[in-house]
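Residues per chain are reported as follows:
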Amino acid sequence: FDIVVSFIGLILSSPVWFIVIMAVYLEDGRPAFYTQKRIGRREKTFTIIKFRSMIKQAENSSGAILAVEHDPRSTRVGRILRSVAMDELPQLLNILKGEMSFVGPRSERVEFVLKYNKETPGFNLRFQIRPGLTGVAQILGRYDSPPKEKLKYDLWYIENLSFWLDIY
């Protein structure tokens, strides 16, 4: 399902890719894409790809920090992309490659996984399945919900995993 739908989605969304790439380039130059190391199924590292929604080298002075809802590092185009989750569109490539699924726990950055594993017992249980483009924690939680709260949603999803739940 993931492979077929992501392949179709890539084909159908290709005109949108061109528009977004041009918009990012015209506002803030290259690159139009942003890549980042994330932790996936079985705690394997993979590279996630997104349309760049923030200024270049947004974390050079701060180091790894979580994005906030109205992040001042976002570009004008980036704010629009993030408001409709269009910055996530390139993750269809991650789904096509089998690194992600459409539904599952959110993939996390390496730095944050190390921190959350220490602070939140059971956090590593999320890595039993592939991370998702969306998930129960993203739908029912808030943007700034703490990891412990999001973990409850993720573990509920893992326990109730089914094709029909994904469709729902």
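Residues numbered from 1 in each chain as written. Predicted model: local features only at pLDDT ≥ 70, side-chain atom pairs only at ≥ 80, totals over all residues. Heavy atoms only, no water.

Chemist: Can you walk me through the sheet that holds strand β2 (residues 45–51) in this structure?
Modeler: To summarise the sheet geometry, strands pair through backbone hydrogen bonds and adopt either a parallel or an antiparallel arrangement. Sheet architecture is open: three strands sit in the order β2-β1-β4, paired in antiparallel fashion. In the strand order of this sheet, the two ends are held by β2 and β4 (108–109), each with one partner. Of the pairings in the sheet, the one linking strand β1 (residues 33–39) to β4 comprises two bridges and is antiparallel in character. Note that in β4 the partner of arginine 38 across the bridge is arginine 109. (Pairing = 2+ DSSP bridges. Helix = DSSP H or I, 4+ residues; strand = E, 2+ residues; numbered from the N terminus.)

Chemist: What exactly am I supposed to notice about the environment of arginine 130 here?
Modeler: Mapped onto the elements of the fold, arginine 130 is located in the loop between α4 (110–119) and β5 (132–134). In this structure arginine 130 comes out as partly exposed when scored by relative accessible area, which is 28%. With 86 residues separating them along the chain, arginine 130 and lysine 44 place their C-alpha atoms 10.0 Å apart. In this view, arginine 130 contacts Asp2, Arg41, Gly98, Glu99, Met100, Ser101, Val103, Gly104 and Pro105; residues no more than four positions away in its chain are not counted. Side-chain polar atoms of arginine 130 contact the backbone oxygen of methionine 100, separated by 3.5 Å. (Buried < 20%, exposed > 50% of the residue type's maximum accessible area, 1.4 Å probe, protein only. Contact = heavy atoms within 4.5 Å. Polar contact = N/O pair within 3.5 Å; in protein donor to acceptor, adjacent residues only side chain to side chain.)

Chemist: Any chance you could explain the packing of helix α1 (residues 2–28) against helix α2 (residues 76–83) here in plain terms?
Modeler: For any two helices packed against each other, one specifies the crossing angle of their axes together with the interaxial distance. Running from amino to carboxyl end, α1 crosses α2 at an angle of 150°, the nearest separation of the two axes being 9 Å. The angle between α1 and α2 places the two elements in the roughly antiparallel class. Residues Val20, Ala23, Val24 and Glu27 of α1 touch α2, and the partners they reach there are Arg76, Val77, Gly78 and Leu81. Partitioning the contact of α1 with α2 into residue classes produces five nonpolar, one polar and two charged. (Axes fitted to C-alpha atoms, helices over the stretch in contact; angles between N-to-C directions. Parallel < 35°, antiparallel > 145°, perpendicular 65-115°, else oblique. Nonpolar A, V, L, I, M, F, W, Y, C, P; charged D, E, K, R; others polar.)

Chemist: Help me out: how do you make sense of the pattern of salt bridges in this one?
Modeler: A side chain of one charge can pair with a side chain of the opposite charge when the charged atoms of the two come close. Within the structure shown, the criterion is met by seven salt bridges. Between arginine 130 and aspartate 2 there is a salt bridge, with its nearest N and O atoms 3.6 Å apart. Residue arginine 130 is found in the loop between α4 and β5, and its partner aspartate 2 is found in helix α1; the two are separated by 128 residues along the sequence. With relative accessibility at 11%, the residue aspartate 2 sits in the buried group. Arginine 109 is paired through a salt bridge with glutamate 111; the nearest N and O atoms lie 3.7 Å apart. Overall, the relative accessible area of 10% leaves arginine 109 in the buried class. (Salt bridge = Lys/Arg side-chain N within 4 Å of Asp/Glu carboxyl O.)

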